[in-house]
Amino acid sequence: MSVKECGNHGEGRRKIFRRIIAGILIFLLLVLITILLIWAILRPSKPRFILQDTTVYAFNASTPNLLTSNFQLTLSSRNPNDRIGIYYDRLDVYATYNNQQITLRTSIPPTYQGHKEINVWSPFINGNSVPIAPEFSASLGSEQAAGSIFLMIKIDGRVRWKVGAFVSGRYHLYVRCPAYITFGSKSNGVMVGENAIKYQFVTRCSVSV
């Protein structure tokens, strides 16, 4: 075989290789465009969260700069999408006061939420002798004495969207639910057992993904 024939043979193999690579890239591009078109047409909506009630078992700020609390929450989430399911891979619930975390994070088990489905969770969140900033401790004591404390129930998590057989990557989920806890003669809660008070809220939460 001549040198010229070997060169032609090598050039032919390179052309075949380039065509294979080009075909794979075109196929991947078409798949990506199809997914993007489906995504744009369906336009997934964020889940909707509602804080339905909060049961207060303990709330003690009598020790300076320390707070002990114990709550049970009732949270509901609705998937408003007709054709898109939601995987909740991680959901951590906790309470804050003036943007300072006052309870430990409680994890809600991972779950899948189908089209138009509603999930309801009732997690406990608590904190035992949690240190709080001195200025917050003073304002917390005065607010409690006045009869009302404003807390923020927060949920941090990760979700994935499911469209047919396609499942998206993970997205961060941030949920913020305002909660007003009242005390003393101004209390509008319902006694549950001997030491617990349930507060009905039905408060819509802000959701960002």
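Attention here is on the structure that accompanies the text. (Residues numbered from 1 in each chain as written. Predicted model: local features only at pLDDT ≥ 70, side-chain atom pairs only at ≥ 80, totals over all residues. Heavy atoms only, no water.)

## Considering the pairing of strand E7 (residues 118-121)
The line we're drawing: Exposed residues in this analysis have more than 50% of their type's maximum accessible area, buried residues have under 20%, and partly exposed residues fall in between, with area computed by a 1.4 Å probe over protein chains only. Segments assigned H or I by DSSP are reported as helices when at least four residues long, segments assigned E as strands when at least two residues long, and all are numbered from the N terminus. Note: two strands are recorded as paired if DSSP finds a minimum of 2 bridges between them.
A one-sided burial pattern is seen for E7, the buried positions being Asn119 and Trp121 and the unburied ones Ile118 and Val120. In this structure, strand E2 (residues 66-78) lies alongside E7, joined through four bridges in antiparallel fashion. Residue Arg78 lies in a different strand from E7, and its bridge partner there is Ile118.

## Here we look at the pairing of E2
Judged from the eleven bridges that link them, strand E1 (residues 48-60) and E2 form a sheet pairing that is antiparallel. Residue pairing across strands places Arg48 opposite Arg78, the latter belonging to E2. Linking E1 back to E2 in an antiparallel pair, the connection comprises five residues, with Asn65 at a positive phi of about 65°. Relative to strand E8 (residues 124-131), E2 runs antiparallel, the two being bridged by six bridges. Bridge pairing in E8 places Gln72 opposite Phe124.

## Some words on the pattern of salt bridges
To keep it simple, the criterion reads: Salt bridge, as applied in this entry: a Lys or Arg side-chain nitrogen positioned within 4 Å of an Asp or Glu carboxyl oxygen.
A complete count under the given rule lists six salt bridges for this structure. Across the salt bridge formed by Arg160 and Asp89, the nearest N and O atoms sit 2.7 Å from each other. Here the residue Arg160 occupies a position in strand E9 (residues 148-163), and Asp89 occupies one in strand E3 (residues 85-97), the gap between them amounting to 71 residues. Between Asp156 and Arg176 there is a salt bridge, with the nearest N and O atoms lying 3.1 Å from each other.

## Re the state of the cysteines
Put simply, the rule reads: When two cysteine sulfur atoms are found within 2.5 Å, that pair is recorded as a disulfide.
Tallying each qualifying case throughout the model produces one disulfide. The disulfide partner of Cys177 is Cys205, and the S-S distance across this bridge is 2.0 Å. Residues Cys177 and Cys205 are joined through a disulfide that is right-handed, its torsion about the S-S bond being 105°. Of this pair, Cys177 sits in strand E11 (residues 171-182) while Cys205 sits in the loop between strand E13 (196-204) and strand E14 (206-208); the two residues are 28 residues apart in sequence, bridging distant segments of the chain. Across the pair, Cys205 and Cys177 agree in class, each one buried.

## Remarks on the environment of Lys154
Our working definition: Contact criterion: two residues are considered in contact whenever any of their non-hydrogen atoms come within 4.5 Å of each other.
Among the secondary structure elements, Lys154 is positioned in strand E9. Taking relative accessible area as the criterion, Lys154 reaches 13% and is therefore assigned buried. For the pair formed by Lys154 and Cys177, sequence separation is 23 residues and the distance between their alpha carbons is 6.3 Å. Those residues in contact with Lys154 that sit more than four places away from it in its chain are Asp92, Val93, Tyr94, Thr96, Asn99, Val175 and Arg176.

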